[in-house]
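# Architecture and fold: a report
If you want the building blocks of each chain, they are given just below.
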Amino acid sequence: MGSSGDVNWKLADHPKLPKGKTIGLIVLDGWGESDPDQYNCIHKAPTPAMDSLKNGRPDTWRLIKAHGTAVGLPSEDDMGNSEVGHNALGAGRIYAQGAKLVDLALASGKIYEDEGFKYISQSFEKGTVHLIGLLSDGGVHSRLDQVQLLLKGFAERGAKRIRVHILTDGRDVLDGSSVGFVETLEADLAALRSKGVDAQVASGGGRMYVTMDRYENDWSVVKRGWDAQVLGEAPHKFKSALEAVKTLRAEPGANDQYLPPFVIVDDSGKAVGPIVDGDAVVTFNFRADRMVMHAKALEYEDFDKFDRVRVPKIRYAGMLQYDGELKLPSHYLVSPPLIDRTSGEYLAHNGVRTFACSETVKFGHVTFFWNGNRSGYFNEKLEEYVEIPSDSGISFNVQPKMKALEIAEKARDAILSGKFDQVRVNLPNGDMVGHTGDIEATVVACEAADRAVRTILDAIEQVGGIYVVTADHGNAEDMVKRDKSGKPALDKEGNLQILTSHTLKPVPIAIGGPGLSAGVRFRQDIETPGLANVAATVMNLHGFVAPNDYEPSLIEVVDM
Ligand SMILES: O=C(O)[C@@H](CO)OP(=O)(O)O
Ligand SMILES: [Mn+2]
Ligand SMILES: [Mn+2]
């Protein structure tokens, strides 16, 4: 992916804007703009730094779209997420994303004609095909309707034995919705059984505790999944997935995101679906970050992150290829979006020195996603990426400040060092704490992120630089499910339904700093700008004209 030989990497000089200004580029993760009320944690938190960028500054603060088709998702009902958000921010163009590509491949049937399906279907006659992934209609990592189509498609094409290993969500969808998704899946599997296919759920667990870790923050998460899915071993054993999810959810403090691992057993107590030699495995998440570690465990012969105990000889395909550089997994059902010529690659070719930093849980967002799902540097002489280790094994409402201060200090030092032209960070707090549904903790999180912004802005001030502050999608600005009129929607018992997910809200973007040339302001003539318009904007602020096919820059320079 990325650098094809015949690209003209030289960017033209911007006719009016100078080069050499240090740019502090801040992405607040999960920081949207919404009406002020008690469920808007950004409004509730003291956020003087962010307020100072907005109030009375209509020329240098505005809102941009961060969801739906503006970031390459299938519909305007799709909330934004970090993958598509950072892809758009870094690539400057809108790509049809995984969710959409899988929809198209299923609708046309092409998914069954390509190499990945042909490969795994060789196991249909004698082996079991296992489907592993997030059981949810959240549309961030996976979608239940796609899984339903796959099950049907596999059965119609000869799969005789199917096992599904479910991961419950509660993060992109309401907590407790796992029960309904399991009911839907069970009905589909029963229908398959009535047609003579031996199909059932084999194991499960909550996404944040089983399988879906990312950026190597905590391998024990992946191990718990391996034990249940491959070895058929877990602390909890049930006769059915519905019983499993209902029973485990009834434990005090339990929630869908963190359900413990379980396996389904038969009458003799034997696991119904461990993965064995000759089987096929399909991981049905289309999003990469939380599948890469699992893919390594499934695919790598040399693997030392935990003891796999037994490594079955399987045919494994991902819904997509999750890492284009690592070519992982080597087989996949749908080709991922080919995001090329990202702003990071252009800027490296034009001598711009870049520093990027976040803590582990968001490190890949501001590097891998930013660079079009590509790991590593474009030019290691010009770039430095710093990862601050995240806390692991906790839910972030207990540490809502996370590593915001450390990230800000690293960014400050990088700015003051004079060694970098662009210093880019992701501040995770609003998002990671917002996902816990803990409103008080999320307020603390937003305050911490705002303090980090202040530290970085002060450094930019000192060196006469420019800041660009934006976000990848909403989360902390709305913590409650709402009805159509915008009022909090109550459930059957009259309780508030806490929103742990991202939102459909727009996000702010602000520019400024002593290095910003007089006369630079946001244009008013772009109808509905979105995250993809940011890359060209940043290129301009570095003194370059963006490539023609980039979404237009948000700024203009008027004569003063
Ligand atoms: O945690 C995640 O995987 C997603 C939500 O499913 O959040 P983000 O897109 O912000 O990384
Ligand atoms: Mn995000
Ligand atoms: Mn998130």
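Residues numbered from 1 in each chain as written. Chains lettered and ligands numbered in written order. Predicted model: local features only at pLDDT ≥ 70, side-chain atom pairs only at ≥ 80, totals over all residues. Heavy atoms only, no water.

On a plain count of helices and strands, the protein comes out with 16 helices and 17 strands. Relative to its length of 560 residues, the protein is compact, with a C-alpha radius of gyration of 24 Å against a globular reference of 24 Å. A principal-axis box enclosing the C-alpha atoms of the protein has dimensions of 80 × 60 × 40 Å. Counting the 560 residues in the protein, one finds 61% classified as buried. The contacts of the protein with a sequence gap of at least 6 include a subset with a gap of at least 24, amounting to 81%. For the protein, the accessible area works out to roughly 21200 Å², and carbon and sulfur atoms hold 49% of it. Distance between charge centroids for the protein: 2 Å, based on 62 positive and 78 negative side chains. (Helix = DSSP H or I, 4+ residues; strand = E, 2+ residues; numbered from the N terminus. Rg over C-alpha atoms; globule rule 2.2 N^0.38 Å. Buried < 20%, exposed > 50% of the residue type's maximum accessible area, 1.4 Å probe, protein only. Contact = heavy atoms within 4.5 Å. Areas by Shrake-Rupley, 256 points an atom, 1.4 Å probe, with all protein chains shown as cover. Lys, Arg positive; Asp, Glu negative; His and termini not counted. Charge placed at Lys NZ, Arg CZ, Asp CG, Glu CD.)

Taken over all residues, the pLDDT of the protein has a mean of 97, while the share at 70 or more is 99%. For this predicted complex, the interface score ipTM comes out at 0.98, alongside a pTM of 0.96. (pLDDT = per-residue confidence, 0-100.)

Under the UniProt annotation, "domain: BPG-independent PGAM N-terminal" (unreviewed entry) lies at residues 102-323. From the first C-alpha to the last, residues 102-323 spans 17 Å; its make-up is 33% helix and 18% strand. (UniProt positions renumbered as here; feature names shortened; annotations may be inferred.)

Remark: helix H13 (residues 404-417) packs on helix H15 (residues 439-463), axes separated minimally by 9 Å, with the N-to-C direction vectors making an angle of 5 degrees. With respect to H15, the axis of H13 lies roughly parallel. Contact residues: Ala-404, Ala-408, Ala-411, Arg-412, Ile-415 and Leu-416 in H13; Ala-448, Ala-452, Thr-455, Ile-456, Ala-459, Ile-460, Gln-462 and Val-463 in H15. Per-class residue counts for the contact of H13 with H15 are 11 nonpolar, two polar and one charged. (Axes fitted to C-alpha atoms, helices over the stretch in contact; angles between N-to-C directions. Parallel < 35°, antiparallel > 145°, perpendicular 65-115°, else oblique. Nonpolar A, V, L, I, M, F, W, Y, C, P; charged D, E, K, R; others polar.)

In this section: the coordination of the manganese ion (ligand 2). Six octahedral donors at a metal ideally form angles of 90 or 180 degrees, and four tetrahedral donors ideally form angles of 109.5 degrees. In this structure, Asp-29 (OD), Ser-82 (OG), Asp-472 (OD) and His-473 (NE2) serve as the protein donors to the manganese ion (ligand 2), at separations of 1.9 to 2.2 Å. Linear spacing of the donor residues for the manganese ion (ligand 2) on their chain is D-x52-S-x389-D-H. A spacing of 4.3 Å is found between the manganese ion (ligand 2) and the manganese ion (ligand 3). Given a relative accessible area of 0%, Asp-472 falls into the buried group. (Donors = N, O, S within 2.8 Å, 3.2 Å for Na, K, Ca; no water.)

Here we come to the site of ligand 1. In the vicinity of ligand 1 there are 17 residues, among which Ser-82, His-141, Asp-172, Arg-287 and Arg-290 approach most closely. Between His-141 and ligand 1, the recorded distance is 2.7 Å, taken from a side-chain N or O atom to an oxygen atom. Taking Arg-290, its side chain carries an N or O atom lying 2.6 Å from an oxygen atom of ligand 1. Here ligand 1 has 310 Å² of accessible area as a free molecule, and 100% of this is covered by the chains. (Near = heavy atom within 4 Å. Polar contact = N/O pair within 3.5 Å; in protein donor to acceptor, adjacent residues only side chain to side chain.)

This part covers the side chain of Asp-472. Relative to the helices and strands, Asp-472 is located in the loop between strand E14 (466-471) and strand E15 (507-512). Buried charge without a partner: Asp-472 forms no salt bridge, and the closest opposite charge is Lys-362, 5.4 Å away. For Asp-472, the side chain forms a polar contact with the main-chain nitrogen of Gly-30, separated by 3.0 Å. A distance of 3.0 Å separates a polar atom in the side chain of Asp-472 from a polar atom in the side chain of Ser-82. Asp-472 has contacts with Val-27, Leu-28, Asp-29, Gly-30, Ala-66, Asn-81, Ser-82, Gly-85, His-86, Val-507 and Leu-531, leaving out every residue within four places of it along the chain. (Salt bridge = Lys/Arg side-chain N within 4 Å of Asp/Glu carboxyl O.)

The next subject is the environment of Glu-299. Tracing the backbone through its elements, the reader meets Glu-299 in helix H10 (residues 292-299). A relative accessible area of 26% places Glu-299 in the partly exposed class. With 98 residues separating them along the chain, Glu-299 and Asn-397 place their C-alpha atoms 34 Å apart. If sequence neighbours within four positions are ignored, Glu-299 has contacts with Tyr-316, Lys-327, Leu-328, Pro-329 and Ser-330.

In summary, the side chains of a regular strand alternate between the two faces of the sheet. With six of six residues buried, E14 lies mostly within the body of the structure. Across the two faces of E14 the burial is the same, with Ile-466, Val-468 and Thr-470 and Tyr-467, Val-469 and Ala-471 all buried. Pairing of strand E1 (residues 23-28) with E14 involves six bridges; the strand directions are parallel. Paired with Val-27 across the strands is Thr-470, a residue of E14. Relative to E15, E14 runs antiparallel, the two being bridged by three bridges. Bridge pairing links Tyr-467 to Gly-512 in E15. (Pairing = 2+ DSSP bridges.)

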